[in-house]
Amino acid sequence: MAVDLTRIGEKARKEPETQFTSIFHMVKDEGHLTSCYWKQKAGKTAGIDGVTKEGYGKNLEKNIEELAGRLGRDGYKPQAVLRVYIPKPGSTAKRPLGLSCFEDKVVQKAMAEVLGEIYEADFLDCSYGYRLNRTCHQALDALGRAIQQKKINWVVEADIRRYFDSLNQEMLLKMLEKRIGDKRVLKLIRRMLKAGVMEDGLERASDEGVPQGGALSALLSNVYLHYALDEWFEQKFRPSCRGDAYLYRYADDFVVLCKSREEAERSRNQPKTDREREQHGRMAARKGRRFGHVDHTVR
């Protein structure tokens, strides 16, 4: 039977400043790992070891027992991620995707579920991507209502260039330490980030970024932008505006709504000093920026 994770979620909501120092046992729990096995989709492309869900499941009980044992004695080593490229909708370019080995997917899912209970208590309402019971349709609905009902004249649309590939790993780990004090969890996440990438038969180190496609990568990307963008907007930028200002983010795509052109222009500027960059974790120049006046419609 899998562990009950709702209690840490409740604690995270009641104690927003609490640092969780003992959660690794929930990640390595055999019942939890087994549950995460069954949540994996069958028929997916295998990682570099060629193991599929069906193959792993032939001796499931023993495999999970051995996996939990390796996690418990610090003997678990994530394998390199297989890099493939898939078509990018609306573009001739292709999007890089990381295919983890099946056992790594199980551990990533277990880690993501534990951390997700904590960070769902922290994430702001402006964030919609890769979150439970939140969809892009909800984001578009909230955006449309804001444009129609609020005092908004200007829209800045942006995404972040090569976000998943260029995310600063060391900054991410520092951000995680705000809520996660369990050294074994942080050590395992570092190992996952540093596991490497295999492309065209060659393996290379992964000193930056998180491979797009994994359950844990989605959560970690949200944690990074929660501190780097969402909190910066709510705590620094929005209070400095004379008129209304709103942020709506779906993964690394986001829209800023402002009343005045001056404030819309200012929202596009990254922090100027090294200290500001370190504090906010802002990274990678934005691309695809669209900036325009609106009359109850987005352009």
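Please read these numbers as outputs of a predicted model, since none were measured by experiment. (Residues numbered from 1 in each chain as written. Predicted model: local features only at pLDDT ≥ 70, side-chain atom pairs only at ≥ 80, totals over all residues. Heavy atoms only, no water.)

Interaxial distance between helix 1 (residues 6-14) and helix 6 (residues 102-119) falls to 7 Å at its minimum, and their mutual angle equals 30 degrees. Comparing the axis directions of helix 1 and helix 6 gives the class roughly parallel. With respect to the hand of their crossing, helix 1 and helix 6 are arranged in right-handed fashion. Taken together, the residues of helix 6 that come into contact with helix 1 (itself represented by Thr-6, Ile-8, Gly-9 and Ala-12) are Val-114, Glu-117 and Ile-118. When grouped by side-chain class, the residues that make up the contact of helix 1 with helix 6 number four nonpolar, two polar and one charged. (Axes fitted to C-alpha atoms, helices over the stretch in contact; angles between N-to-C directions. Helix = DSSP H or I, 4+ residues; strand = E, 2+ residues; numbered from the N terminus. Parallel < 35°, antiparallel > 145°, perpendicular 65-115°, else oblique. Left-handed = near helix turned anticlockwise from the far one by under 90°. Contact = heavy atoms within 4.5 Å. Nonpolar A, V, L, I, M, F, W, Y, C, P; charged D, E, K, R; others polar.)

Let us now look at a negative patch on the surface. Together, Glu-30, Glu-61, Glu-65 and Glu-66 make up a region of like negative charge exposed at the surface. For the negative patch, the element with the highest residue contribution is helix 5 (residues 60-72), accounting for three residues. With respect to the helices and strands, Glu-30 occurs in helix 3 (residues 30-38). Exposure remark for Glu-30: the relative accessible area of 39% places this residue in the partly exposed category. (Patch = residues over 30% accessible without salt bridge, like charges linked within 9 Å, V, L, I, M, F, W, Y side chains within 5 Å. Areas by Shrake-Rupley, 256 points an atom, 1.4 Å probe, with all protein chains shown as cover. Salt bridge = Lys/Arg side-chain N within 4 Å of Asp/Glu carboxyl O. Lys, Arg positive; Asp, Glu negative; His and termini not counted. Charge placed at Lys NZ, Arg CZ, Asp CG, Glu CD. Buried < 20%, exposed > 50% of the residue type's maximum accessible area, 1.4 Å probe, protein only.)

A separate point is the sheet that holds strand 5 (residues 202-204). As summarised here, the arrangement of the four strands in space is 2-1-4-5, forming an open sheet in which the pairing is mixed. The sheet is open, and its two edges are formed by strand 2 (94-99) and strand 5, each paired on a single side. When the angles between neighbouring strand axes are averaged without regard to direction, this sheet yields 40 degrees. As defined by bridge partners, strand 1 (residues 81-87) adjoins strand 4 (residues 197-199) across two bridges and the pair is classed as parallel. Across the sheet, the residue bridging to Val-81 is Val-197, located in strand 4. (Pairing = 2+ DSSP bridges.)

This part is about the packing of aromatic side chains. Under the counting rule described, the total for this entry stands at 11 aromatic pairs. A ring pair is formed by Tyr-163 and Phe-164, whose centres lie 5.3 Å apart and whose planes are at 70 degrees; its orientation type is edge-to-face. Neither residue differs from the other here; Tyr-163 and Phe-164 are each classed as buried. Ring centres of Phe-233 and Phe-237 lie 5.3 Å apart, and the angle between their planes is 35 degrees; this geometry places the pair in the tilted category. Within this pair, Phe-233 and its partner Phe-237 are both found in helix 11 (residues 215-237), separated by four residues, close to a single helical turn. (Phe/Tyr/Trp six-rings, centres within 6.5 Å; stacked < 30°, edge-to-face > 60°.)

Our focus in this paragraph is empty space enclosed by the protein. Taken as a whole, this structure holds three cavities of 30 Å³ or more when the rule is applied. Considered as a void within the structure, the largest cavity measures approximately 190 Å³ in volume. Lining the largest cavity we find 19 residues, and of these Ser-100, Gln-108, Met-192, Pro-211 and Ser-217 sit closest to its centre. (1 Å grid on protein atoms, 1.4 Å probe; cavity = no way out; pocket = protein on both sides within 12 Å on 5 of 7 lines; lining within 4 Å. Points joined across faces, edges and corners; volume = space filled by probe spheres on them.)

From the geometry alone we can't say anything about function, so treat these as descriptive.
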